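Descriptive analysis of the structure
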Amino acid sequence: MGTAKKIWILSGEASGDVYGAKLARELRLIAAERGETIEIVGMGGPEMRKADIDIRVDSTELGVVGVIEVLKHIFTFIGIFFRLVGQAKRERPGAVVLIDYPGFNLLFALMMYRHRIPVIWYVCPHLWVWGKWRLPVLAKICTKMLVIFPFETEVFAHTKLRTEFVGHPLIDIVADRRIPGIERNPEDFLLLPGSRTMEINFLLYPMLDTVTELAKRHPELKFHLSAPREKIARLCREKFAAYRRKHPDVPEVEITCGDTSFWQQRAGTGLAASGTVTVESAIAGLPLVVGYKLNWITILMASLVVKLYRGFFTMVNIIANRAVFEEFLQHRFAPGKLIPAVERILPGGERREEVERGMAEVRQLLTPNSSSAARQAAEACYSVVAD
């Protein structure tokens, strides 16, 4: 058995933490099948730690969005960046796998290119929305691009970058999480306000305004909120208590932590922040109404560079190239718009069957073949390290 191969995996957000963990497990299986050993180092969160990755930086609280929010943490990011660059220069891994997180990872990829360390990008940054001018740069500094949406291979078709559609890792993850015997209860309504503090601050109160009115029109509904971790659950409980003091007619909302996959399988309908959770819900078969709000300064600045891709901002709709989930941005994320949209997808609603067909189509589009997405991604990564 020769010298252990070394690979780095860097993730800055909760979804990437899950993908990185799956990728690491598959990389180890491939190494074992070949009678080799592999050392995996990274930046990530609890899932990557559980996968026995040597975590150099805990990224649990690094998933911030927006200009103002990033500026508040700028010195933390700078310190982490130069620490990791220095370690990579000294250790010289066979490849660095960057998972999404473009604000940090684009600069890191550039530094790795300058130091002749191969870069594999797993989960393509959405440059096709906000930074098409950067595509030639990304194509130059990356050794390989692994995309998880079928239309993304077209984005790099005019470049020489080796691009491979490996399928969406959530297809496997959602299947692994499925609990046998759970049936949907049409009376259970799920709130998914996001995984970041900023998202809770902007989205929770409009959601509570909406469920207050929904409860009056549909008293049979029972409301549940699932948070990804305890810090976010605690913030939701605090904000719900404050909201209830001013709005005593708000219905009871059960706030839990870490059971999103259960409720995605159990609930009849949901209201969610735009993000990875919408793709996860579509795969699990949960009809949603989706929205998002940001600091107005961030929105005004982003509007100068961000264009809706295929006319949508929700990934499920971009994949399907049509409005599977109705989506509402900024001031439109309010009860006047959300309540009718929710009623259209409640069991028996006029759009319910259309949404169910759309979710099934999305699941099919995200599954390229019989091999798991994580396995395909791991094989692509291992090929770079083995060269």
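Residues numbered from 1 in each chain as written. Predicted model: local features only at pLDDT ≥ 70, side-chain atom pairs only at ≥ 80, totals over all residues. Heavy atoms only, no water.

**Some remarks on the sheet that holds strand β7 (residues 162-165)**
Reading across the sheet, the 7 strands line up as β3-β2-β1-β4-β5-β6-β7 and stay open at both edges, with parallel pairing between neighbours. Bordering the open sheet on either side are β3 (54-58) and β7, each of which pairs with just one other strand. When the angles between neighbouring strand axes are averaged without regard to direction, this sheet yields 15°. Of the pairings in the sheet, the one linking strand β1 (residues 5-11) to strand β2 (residues 38-44) comprises 6 bridges and is parallel in character. Along β2, the bridge assignment pairs K6 with E39. The strands touched by helix α4 (residues 74-91) within the sheet are β1, β2 and β3, with β3 carrying the most contacts at an inclination of about 155°. (Pairing = 2+ DSSP bridges. Helix = DSSP H or I, 4+ residues; strand = E, 2+ residues; numbered from the N terminus. Axes fitted to C-alpha atoms, helices over the stretch in contact; angles between N-to-C directions. Contact = heavy atoms within 4.5 Å.)

**Considering unusual backbone geometry**
The residue R92 is not glycine, and still its phi comes out positive at about 50°. On the secondary structure map, R92 appears in the loop between α4 and β4 (95-99). For N321, which is not glycine, the phi dihedral falls at a positive 60°. Mapped onto the fold, N321 is located in the loop between α15 (315-320) and β13 (327-329). With relative accessibility at 47%, the residue N321 sits in the partly exposed group. (Buried < 20%, exposed > 50% of the residue type's maximum accessible area, 1.4 Å probe, protein only.)

**Digging into empty space enclosed by the protein**
Enumeration according to the criterion identifies 1 cavity of 30 Å³ or more in this entry. The calculated volume of the largest cavity comes to roughly 70 Å³. Around the largest cavity sit V174, R177, R178, S261, Q264, Q265, E280 and A284, which together line it. For the lining of the largest cavity, the element with the most residues is helix α12 (residues 260-266), which contributes 3 residues. Here the lining of the largest cavity is built from residues that sort into 2 nonpolar, 3 polar and 3 charged. (1 Å grid on protein atoms, 1.4 Å probe; cavity = no way out; pocket = protein on both sides within 12 Å on 5 of 7 lines; lining within 4 Å. Points joined across faces, edges and corners; volume = space filled by probe spheres on them. Nonpolar A, V, L, I, M, F, W, Y, C, P; charged D, E, K, R; others polar.)

**Regarding the sheet that holds strand β9 (residues 222-227)**
Strand-to-strand pairing in sheets goes through backbone hydrogen bonds, with the strands running parallel or antiparallel. The 6 strands lie next to each other as β10-β9-β8-β11-β12-β13, forming an open sheet whose pairing is parallel. Here the strands that pair on one side only, and so sit at the sheet edges, are β10 (253-257) and β13. Mean inter-strand twist for the sheet, computed between neighbouring axes without regard to direction, equals 20°. The sheet contacts of helix α10 (residues 197-217) involve β8 (185-192), β9, β10, β11 (267-273) and β12 (288-292), and relative to β11 the element is tilted by about 140°.

**Focus on helix α18 (residues 373-386)**
Relative to the 20 Å expected for 14 residues at 1.5 Å per residue, α18 spans 20 Å between its end C-alpha atoms, a close match to the ideal helical length. Of all 14 residues in α18, 11 are buried, a share of seventy percent or more. (Expected span 1.5 Å × (residues − 1).)

**Structural notes on the environment of I120**
Counting through the fold element by element, I120 comes out in strand β5 (residues 119-122). The sequence separation of I120 and V97 amounts to 23 residues, and the corresponding C-alpha distance is 4.7 Å. What I120 contacts, discounting residues up to four positions off in sequence, is A95, V96, V97, L98, K144, L146, C381 and V384.

**Digging into the side chain of T314**
You can see T314 is positioned in the loop between α14 (296-302) and α15. Setting aside its immediate chain neighbours within four residues, T314 contacts S274, T278, V290 and E327.

**Comments concerning the packing of helix α1 (residues 14-33) against helix α9 (residues 169-177)**
Where α1 meets α9, the axes come as close as 11 Å, and the angle between the chain directions of the two elements is 85°. Between α1 and α9, the interaxial angle falls into the category roughly perpendicular. Contacts between α1 and α9 involve V18, Y19 and K22 on the former and, on the latter, P169, L170, D172, I173, D176 and R177. The residue inventory of the contact of α1 with α9, partitioned by class, reads 5 nonpolar, no polar and 4 charged. (Parallel < 35°, antiparallel > 145°, perpendicular 65-115°, else oblique.)

Keep in mind that these numbers describe shape and distance, not what the molecule does.
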